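# Examining the three-dimensional arrangement
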Amino acid sequence: MSDYPKPTSGPAGRKNSDRPFIRIDGLRKSYRNKGQESVALSNVTLDIHAGDMVSLVGPSGCGKSTLLKILSGLYEHDGGTLEIHADAQRNFNPGKDVGMVFQQPLLLKWRNILENVMLPADILGLPRSAARVRALELLDMVGLGGQGKKMPYELSGGMQQRAAIARALLHDPSLVLMDEPFGALDALTREKMNLEMLRIWEQSHKTFVVVTHSIQEAVFLGTHCAVLTAGPARMADFFPIALPAPRTLHVKATAEFTAYVSRIYDLLGVA
Ligand code: ADP
């Protein structure tokens, strides 16, 4: 996994924070299977600023996971540009600077919850004592304080997913990528996790990119929403979501929320 190219510094007099943390411009990605090329992303362009919560929606198979895998450094793109800025001193290194959360918590069943949250420290060779302190803090932050000694099977699905979020934050990544993180939860737990998610995002000061199949979830969570067309994916739209803060579930009953949802339905042609 290679580092991304070092970004050129921003225009004079401009703070780093004015410059996008991630700049995706005309991104293209194709897969080759048995000599056949299939294009997954044809032209994706968006800027993400540090601290944004970007929700990514689009029809199934349009390339959302592909885009996350490119951001995570797992896949290379084959056209367009991707710039991710770490800081002035060093390049962005996806192995250290990205945390991932998947649809399933993927906890190791033979490790207790604390040991699961500490897993990135073992993989990256970070000092265990400091990692333990941070893991305990993160367990508190995700509402699992005092649960560290339990085994994964002793926790509900929602609690396991909170542990997975804590694990994703353990090595202090600047970018957290979530691929349909609440898709396996029942509707009520999912709504509670959405609320928790906003709190965790606010407290962590990280940049989040969240793939979701739920348009309501995309609007509720996002500071911005990227809508992709059916594959090969192009940007249908990318817009800020200006809902009043702090967001509670009651915002879903407001005209502003419904207008955002309708806008996405129209973009996806499903209204
Ligand atoms: P989404 O996350 O929006 O459902 P994906 O990014 O998983 O979409 O897939 C986009 C397209 O790329 C689909 O047509 C899928 O079949 C194809 N695809 C995904 N991963 C691979 C792969 N490793 N090899 C070949 N084709 C793939």
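Reading the values: rules and limits
Residues numbered from 1 in each chain as written. Predicted model: local features only at pLDDT ≥ 70, side-chain atom pairs only at ≥ 80, totals over all residues. Heavy atoms only, no water. Helix = DSSP H or I, 4+ residues; strand = E, 2+ residues; numbered from the N terminus. Rg over C-alpha atoms; globule rule 2.2 N^0.38 Å. Buried < 20%, exposed > 50% of the residue type's maximum accessible area, 1.4 Å probe, protein only. Areas by Shrake-Rupley, 256 points an atom, 1.4 Å probe, with all protein chains shown as cover. Lys, Arg positive; Asp, Glu negative; His and termini not counted. Charge placed at Lys NZ, Arg CZ, Asp CG, Glu CD. Near = heavy atom within 4 Å. Polar contact = N/O pair within 3.5 Å; in protein donor to acceptor, adjacent residues only side chain to side chain. Contact = heavy atoms within 4.5 Å. Pairing = 2+ DSSP bridges. Right-handed = clockwise from strand over helix to strand, strands pointing away. Patch = residues over 30% accessible without salt bridge, like charges linked within 9 Å, V, L, I, M, F, W, Y side chains within 5 Å. Salt bridge = Lys/Arg side-chain N within 4 Å of Asp/Glu carboxyl O.

Here we take up the overall build of the protein. What the protein contains, in helices and strands, is nine helices and nine strands. Taken over the C-alpha trace, the protein has a radius of gyration of 19 Å; the compact-globule value for 271 residues is 18 Å, and the two agree within 12%. Residues classed as buried in the protein amount to 48% of the 271 residues present. About 13,000 Å² of surface is accessible on the protein, with carbon and sulfur atoms providing 53% of the total. Here the protein contributes 30 positive and 27 negative side-chain charges, whose respective centroids are spaced 4 Å apart.

Further remarks concern the site of the ligand. Taken together, the residues surrounding the ligand are Tyr31, Asn33, Ala40, Pro59, Ser60, Gly61, Cys62, Gly63, Lys64, Ser65, Thr66 and Tyr75. A distance of 2.8 Å is found between an oxygen atom of the ligand and a side-chain nitrogen or oxygen belonging to serine 65. Look at the ligand: alone it shows 560 Å² of surface, and the protein chains cover 63% of it. The set of elements that each furnish at least two residues to the shell around the ligand consists of β1 (22–33) and α1 (64–71).

Along the chain, serine 214 falls in the loop between β7 (207–211) and α8 (215–221). Setting aside chain neighbours within four positions, we find serine 214 in contact with Val57 and Arg190.

Moving on: the pairing of strand β6 (residues 175–179). A large share of β6 lies buried, amounting to five of its five residues. Here β6 shows a buried face lined by Leu175, Leu177 and Asp179 and a second buried face lined by Val176 and Met178. Across four bridges, strand β5 (residues 98–101) lies against β6 in parallel orientation. Residue pairing across strands places methionine 100 opposite leucine 177, the latter belonging to β6. Of the strand pairs in this sheet, β6 and β7 are connected by five bridges, and their pairing is parallel. Across the sheet, leucine 175 pairs through a bridge with threonine 207, a residue of β7. As for the winding sense of the linkage, the β-α-β connection from β6 through helix α7 (residues 187–204) to β7 is right-handed.

Here we come to a nonpolar patch on the surface. Among the surface-exposed residues, Ile123, Leu124 and Leu126 lie close enough to one another that they form a single nonpolar patch of about 260 Å² accessible area. Tracing the backbone shows leucine 124 in helix α4 (residues 119–124). Looking at leucine 124, the relative accessible area reads 32%, which means it is partly exposed.

Take unusual backbone geometry next. Along the chain, alanine 245 connects to proline 246 via a cis peptide bond; the corresponding omega equals -5°. Within the fold, proline 246 resides in the loop between β9 (233–240) and α9 (255–268). Non-glycine residue lysine 34 carries a positive phi angle of around 50°. With respect to the secondary-structure elements, lysine 34 resides in the loop between β1 and β2 (36–48). Of the residues examined, lysine 34 reaches a relative accessible area of 88% and is grouped as exposed. Even without a glycine there, the phi angle at glutamate 180 is positive, about 50°. Here glutamate 180 is to be found in the loop between β6 and α7.

In this fold, phenylalanine 208 is placed in strand β7. Along the sequence, phenylalanine 208 and methionine 178 sit 30 residues apart, while their C-alpha atoms lie 7.5 Å from each other. The contacts of phenylalanine 208, once residues within four sequence positions are left out, are Asp52, Met53, Val54, Leu169, Val176, Met178, Met197 and Trp201.

Let's shift gears to the pattern of salt bridges. Under the counting rule described, the total for this entry stands at 15 salt bridges. Residue arginine 111 pairs with glutamate 115 through a salt bridge whose shortest N-O separation is 3.9 Å. Taking the relative accessible area as the measure of exposure, arginine 111 reaches 17% and is therefore buried. Exposure remark for glutamate 115: the relative accessible area of 25% places this residue in the partly exposed category. Where glutamate 191 meets lysine 252, a salt bridge forms, and the shortest distance between an N and an O atom there is 2.8 Å. Within this pair, whereas glutamate 191 is found in helix α7, its partner lysine 252 is found in the loop between β9 and α9, the two being separated by 61 residues in sequence. Look at glutamate 191 and you get partly exposed, because its relative accessible area is 29%. On the accessibility criterion, lysine 252 (23% relative accessible area) is partly exposed. Look at the salt bridges and you will find they share partners, linking Arg111, Glu115, Asp122 and Arg128 into a network.

Read these as geometric descriptors, not functional statements.
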